[in-house]
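Fold and geometry: a report
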Amino acid sequence: MDPITLAFYAIVCGCLSAVAPNFPRLPVRLGIGAIVGIAAAAVLPEIKGMLHLY
């Protein structure tokens, strides 16, 4: 895994873990985690393209 991808997912996971205790139940947290993960995976190529990191 390249350092840009590693740093990006570390930031996303860190932010998600900061707000996760505010979500009531485990199924809700898992669903939100899955949605955030999919969104992050979809957005990362665009961010790398804008920053010319390919």
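Everything discussed here concerns the structure shown above.
This report concerns the structure included in the present document. None of these values were measured; they are calculated from a predicted model.

This part is about the environment of Gly37. With respect to the secondary-structure elements, Gly37 resides in helix H2 (residues 26-50). Assessed through its relative accessible area of 30%, Gly37 is described here as partly exposed. Once the C-alpha coordinates of Gly37 and Asn22 are considered, the two residues, 15 residues apart in sequence, prove to be 18 Å apart.

A few words on the packing of aromatic side chains. This model, assessed by the stated rule, comprises 1 aromatic pair. An angle of 75° between the planes, with centres 5.4 Å apart, marks the rings of Phe8 and Tyr9 as edge-to-face. Judged by its relative accessible area of 17%, Phe8 is buried.

Tracing the sequence through the fold places Thr5 in helix H1 (residues 3-19). Take Thr5: its relative accessible area is 11%, and that puts it in the buried class. Beyond its immediate chain neighbours, meaning those up to four positions away, Thr5 contacts Leu44 and Lys48.

Analysis parameters
Residues numbered from 1 in each chain as written. Predicted model: local features only at pLDDT ≥ 70, side-chain atom pairs only at ≥ 80, totals over all residues. Heavy atoms only, no water. Helix = DSSP H or I, 4+ residues; strand = E, 2+ residues; numbered from the N terminus. Buried < 20%, exposed > 50% of the residue type's maximum accessible area, 1.4 Å probe, protein only. Phe/Tyr/Trp six-rings, centres within 6.5 Å; stacked < 30°, edge-to-face > 60°. Contact = heavy atoms within 4.5 Å.

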